[in-house]
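Take a look at the letters that make up each chain.
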Amino acid sequence: MDDFFIDDGPRKRKRPETMKQKGKRNNGDDISDDDLDMDGSVLGDRSDGEEPASDNEIKETAAQKRLRLAKRYLDKVKEEIEDDGEVDAAKIDEDLIASRLRYDVLESTGKHFRQIAAAYKDLNPQNLPFLVLHNGNKKKGHQLSVTALAFASPSRLSASSLLTSEDTNITDAYMTGESVKESKETVQNLSNDSDEELFYLFSGSKDGSIVKWNLRTGHRVHFVPGGLKNTKKLRAMVGEKALKRQLGHTDHIFSMDVSSDSKYLATGGKDNLIYIWNVLDNKRIGSFKQHRDAISGLAFRKGSNQLYSGSYDRTVKLWNVDEMSYIETLFGHQDQITSIDTLTKERCITTGARDRTVRLWKILEESQLVFRGGGSGGSTSIMEEFANPEDEVKIKRSAIATCVDVVAMLDEENWVSGSDAGYVIMRAIEEFFTYSLFSTISLWNIAKKKAVFTKVNAHSVSDEQSESTCRWVTSLAAVPFSDMFASGACDGSVKLWKLSDTKKSFSPLFQIPVVGFINALRFFELPELLSNTNIPCEIERSGKDQKSPYLYLAIGVGQEHRMGRWWRVKEAKNEVKVVVLG
């Protein structure tokens, strides 16, 4: 028989030389296999003086990382609850932490709705403090109506990185509209503010200029002048290269917005261009030229740098600002788009002017919901507003919305729109028909195609004003995920409104007197009260409210409507006002 089939007894696996060397202790004792790790190293055989493994050698798994971050987050929640003085540390239990976790989840997903309007019901609008923005040099300010506003609060870390970079010296002072002296002052201001939060307000105008305001001081810190239109005659005078060096818009600015991380500023206007700017160093990063008509609305999605733009060319376009790239185009409106808004979800809402529709665009589903204006929307105030019992006036119950101009989202499922609506009025005694225009504000819900509630004659015109006065709702702004919003027209006031608890109607809170066209409104919150404001006793707070943020309302005022020159209010000033609501 072959030797291969003969059993020589049990065989032992030969251990590698490295294992043999590791398998001996210093005292000469043998080490069993149980004392060896998977890689062959001896368990617990590390001397006290030996250095631990480096960070590169220690690889943290995804589960371990989630566990570590969760523990850190829970510790932070406990510290915040202890600081608020709500309960003692010993009384912090799982229910309290769970409620805080639920609150944070709802807030991050946009489902947390705040009831804040009731706190401002008793404010006296005549005594509200306001922030004065000093224009300084008149040649470097808005010469025409203010048409757009945007708020930015860049982080201190970003400002510090800008100050330590090599390109802090601005060499393109001529192109940005600043002198060399102003450029140095801009860098110095960043250096001085690097230890505290930075608060900026941007404003755009019909003259194509952009002004950057420091809300701490109320002064202008940067100015981008409007450029000259690239015409054949001008090219012959100054040359093509000189025109290309212009950084500003060459026509009216209609809209602007700042990304949620306060890193980018987007501006658009009548020159069919979208410009992207760096908030901190004021440099223009790039531009988008795909629209074929004026840019009427810009909105960054909350929590991302995805930009939505609406245009007179009746399209909505999506952009990725981080990569400076175009994503897609949405079609549907039958008339020019006049306003756009968005919140956290990947969707946006637009108004279509004379097509009398509000459209909700669902990006992921590649669909759109059409909401048509024109109904009374449950309003019971039509007869109260216009009916005259002596004349036995009969009014047609359904309003004819001739143009839907502005929109603002309250949350992901509710929004308000402003328009001018016409009513056919029949007078029984004279036996004739009249047709009048009145400003209307409508409340919408995603579940209904018609308006849930409509407030007619929202901005009434006094008898002293001419019948030819603009009656439109020119601007709307809402505190995101809350029950309060503001509207503006040219009736001499900005009105604040409160949404009902059922979200099926709204009522007026108070109105702030402002002369001129209210072309832009912007709410923003700050953790502190700015020092350059006069503080009445109504703003003083105590207790738990001391840690809540302060609410501000920025108002862009002009002598003319932002979209045209149909009317002119000579008494008004082209300026920006910031009101402290408390």
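Residues numbered from 1 in each chain as written. Predicted model: local features only at pLDDT ≥ 70, side-chain atom pairs only at ≥ 80, totals over all residues. Heavy atoms only, no water.

Here we look at the overall build of the protein
Phase 1 of the analysis: Regarding its fold elements, the protein presents 9 helices and 29 strands.
Phase 2 of the analysis: Every one of the 582 residues in the protein was classed for burial, and the buried ones make up 48%.
Phase 3 of the analysis: Contacts in the protein between residues at least 24 apart in sequence constitute 58% of all its contacts with a sequence separation of at least 6.
Phase 4 of the analysis: Carbon and sulfur atoms make up 49% of the accessible area of the protein, which amounts to about 31,300 Å² in all. (Helix = DSSP H or I, 4+ residues; strand = E, 2+ residues; numbered from the N terminus. Buried < 20%, exposed > 50% of the residue type's maximum accessible area, 1.4 Å probe, protein only. Contact = heavy atoms within 4.5 Å. Areas by Shrake-Rupley, 256 points an atom, 1.4 Å probe, with all protein chains shown as cover.)

Regarding a positive patch on the surface
Phase 1 of the analysis: Judged by side-chain charge, Arg-356, Arg-372, Lys-449 and Lys-450 come together as a positively charged surface patch.
Phase 2 of the analysis: Looking at the element boundaries, Lys-450 is found in the loop between β21 (432-445) and β22 (453-456). (Patch = residues over 30% accessible without salt bridge, like charges linked within 9 Å, V, L, I, M, F, W, Y side chains within 5 Å. Salt bridge = Lys/Arg side-chain N within 4 Å of Asp/Glu carboxyl O. Lys, Arg positive; Asp, Glu negative; His and termini not counted. Charge placed at Lys NZ, Arg CZ, Asp CG, Glu CD.)

Section: the packing of aromatic side chains
Phase 1 of the analysis: Here the structure, examined in full by the defined rule, presents 15 aromatic pairs.
Phase 2 of the analysis: On the numbers, 5.3 Å between centres and 65° between planes, the contact of Trp-472 with Trp-566 is edge-to-face. On the criterion of sequence distance, the pair formed by Trp-472 in the loop between β22 and β23 (475-478) and Trp-566 in the loop between β28 (550-558) and β29 (575-580) is long-range, its members being 94 residues apart.
Phase 3 of the analysis: Classification of Trp-566 as partly exposed rests on a relative accessible area of 48%. (Phe/Tyr/Trp six-rings, centres within 6.5 Å; stacked < 30°, edge-to-face > 60°.)

Overview of the confidence of the model for the protein
Phase 1 of the analysis: Chain-level pLDDT for the protein is 75 on average; 64% of the residues reach the 70-or-more range.
Phase 2 of the analysis: Here residues 18-54 is a poorly scored stretch, pLDDT under 50, and it has 30 contacts once near neighbours within four places are set aside; other chains count. (pLDDT = per-residue confidence, 0-100.)

A short note on the pattern of salt bridges
Phase 1 of the analysis: Taken as a whole, this structure holds 7 salt bridges when the rule is applied.
Phase 2 of the analysis: Between Glu-525 and Arg-114 there is a salt bridge, with the nearest N and O atoms lying 3.2 Å from each other. Of this pair, Glu-525 sits in strand β27 (residues 517-526) while Arg-114 sits in the loop between α3 (94-109) and β1 (130-132); the two residues are 411 residues apart in sequence, bridging distant segments of the chain.
Phase 3 of the analysis: Accessibility expressed as a relative area gives 33% for Glu-525, which makes it partly exposed.
Phase 4 of the analysis: When the shortest N-O distance is used, the salt bridge between Glu-560 and Arg-568 registers 3.1 Å.
Phase 5 of the analysis: Here Arg-568 falls in the partly exposed class, since its relative accessible area comes to 48%.
Phase 6 of the analysis: What emerges from the salt-bridge pattern is a single network uniting Lys-206, Glu-560, Arg-565 and Arg-568.

Section: the side chain of Asp-355
Phase 1 of the analysis: Structurally, the position occupied by Asp-355 is in the loop between β15 (347-351) and β16 (357-362).
Phase 2 of the analysis: Here Asp-355 sits buried without a salt bridge, and the closest side chain of opposite charge, Arg-359, lies 4.4 Å off (N-O distance).
Phase 3 of the analysis: A distance of 3.0 Å separates a polar atom in the side chain of Asp-355 from a polar atom in the side chain of Thr-357.
Phase 4 of the analysis: Dropping the residues within four chain positions of it, Asp-355 is found in contact with His-333, Gln-334 and Asp-335. (Polar contact = N/O pair within 3.5 Å; in protein donor to acceptor, adjacent residues only side chain to side chain.)

A closer look at the nonpolar core
Phase 1 of the analysis: Among the nonpolar cores identified, the biggest contains 24 residues, and Met-484, Val-494, Leu-496, Ile-512, Phe-523, Leu-553 and Leu-581 are the most heavily contacted of them.
Phase 2 of the analysis: Where this core is concerned, the elements lending two or more residues are β24 (484-488), β25 (493-499), β26 (506-513), β27 and β28.
Phase 3 of the analysis: Among the elements that line this core, the one with the most residues is β28, at 4 residues.
Phase 4 of the analysis: When sequence neighbours within four positions are dropped, the list of residues in contact with Leu-553 reads Ala-486, Val-494, Leu-496, Ile-512, Leu-521, Arg-522, Phe-523, Lys-577, Val-578, Val-579 and Leu-581.
Phase 5 of the analysis: Counting residues in each nonpolar core, the second largest holds 20 residues, with Phe-199, Phe-223, Phe-524 and Val-578 among its members. (Core = buried A, V, L, I, M, F, W, Y, C linked by side-chain atoms within 4.5 Å.)

Structural notes on the environment of Gly-352
Phase 1 of the analysis: Within the element layout of this structure, Gly-352 appears in the loop between β15 and β16.
Phase 2 of the analysis: Sequence separation between Gly-352 and Gln-334 is 18 residues; the distance between their C-alpha atoms is 7.1 Å.
Phase 3 of the analysis: Ignoring anything within four residues of it in the chain, the contact list for Gly-352 reads His-333, Asp-335, Gln-336, Thr-357 and Val-404.

Brief notes about the sheet that holds β1
Phase 1 of the analysis: Strand order in the open sheet made by the 4 strands is β1-β29-β28-β27, with antiparallel pairing throughout. Strands at the two margins of the open sheet, each flanked by one partner only, are β1 and β27. Averaged over all pairs of adjacent strands, the angle between their axes in this sheet comes to 25°, without regard to strand direction.
Phase 2 of the analysis: Sheet topology places β28 next to β29; 6 bridges connect them, and they run antiparallel. Of the residues in β29, the one forming a bridge with Ala-554 is Val-578. (Pairing = 2+ DSSP bridges. Axes fitted to C-alpha atoms, helices over the stretch in contact; angles between N-to-C directions.)

A closer look at unusual backbone geometry
Phase 1 of the analysis: Unlike most non-glycine residues, Asn-272 shows phi in positive territory, near 70°.
Phase 2 of the analysis: Take Asn-272: it is sitting in the loop between β7 (264-269) and β8 (274-278).
Phase 3 of the analysis: Asn-272 gets classed as partly exposed once you look at its relative accessible area, which sits at 23%.
Phase 4 of the analysis: One non-glycine residue, Asn-457, lies in positive phi territory at about 55°.
Phase 5 of the analysis: Summarising the element assignment, Asn-457 is placed in the loop between β22 and β23.

Regarding the sheet that holds strand β12 (residues 315-320)
Each strand in a sheet pairs with another by means of backbone hydrogen bonds, the pair being arranged parallel or else antiparallel.
Phase 1 of the analysis: An order of β10-β11-β12-β13 is seen for the 4 strands of this open sheet, with the pairing classed as antiparallel. Across the chains shown, the open sheet's two edge strands, defined by having one partner strand only, are β10 (295-300) and β13 (325-331). The mean inter-strand angle of the sheet, taken between neighbouring strand axes irrespective of direction, is 20°.
Phase 2 of the analysis: Of the pairings in the sheet, the one linking strand β11 (residues 306-311) to β12 comprises 5 bridges and is antiparallel in character.

A look at the pairing of β8
Phase 1 of the analysis: Of all the 5 residues making up β8, 4 are buried; the element is thus mostly covered by neighbouring parts of the structure.
Phase 2 of the analysis: Inspection of the sheet shows β7 paired to β8 by 5 bridges, in the antiparallel sense. Within the sheet, the bridge partner assigned to Gly-268 lies in β8 and is Ile-274.
Phase 3 of the analysis: From the end of β7 to the start of β8, which pair antiparallel, there are 4 residues, and Asn-272 there has a positive phi angle of about 70°.

Regarding the environment of Ile-274
Phase 1 of the analysis: Mapped onto the secondary structure, Ile-274 falls in strand β8.
Phase 2 of the analysis: Placed 35 residues apart in sequence, Ile-274 and Ser-309 show a C-alpha to C-alpha distance of 8.6 Å.
Phase 3 of the analysis: What Ile-274 contacts, discounting residues up to four positions off in sequence, is Thr-267, Gly-286, Ser-287, Phe-288, His-291, Ile-295, Leu-298, Leu-307, Ser-309 and Trp-319.

Section: the pairing of strand β17 (residues 367-372)
Where a strand is regular, its side chains alternate between the two sheet faces.
Phase 1 of the analysis: Sheet topology note: the β16/β17 ladder contains 6 bridges and is antiparallel. Of the residues in β17, the one forming a bridge with Leu-360 is Leu-369.

A closer look at the environment of Asn-214
Phase 1 of the analysis: Of note, Asn-214 is situated in strand β4 (residues 210-214).
Phase 2 of the analysis: Of the residues examined, Asn-214 reaches a relative accessible area of 6% and is grouped as buried.
Phase 3 of the analysis: Separated by 81 residues in the primary sequence, Asn-214 and Leu-133 have C-alpha atoms spaced 8.5 Å apart.
Phase 4 of the analysis: Separated by 3.0 Å, the side chain of Asn-214 and the backbone nitrogen of Arg-216 make a polar contact.

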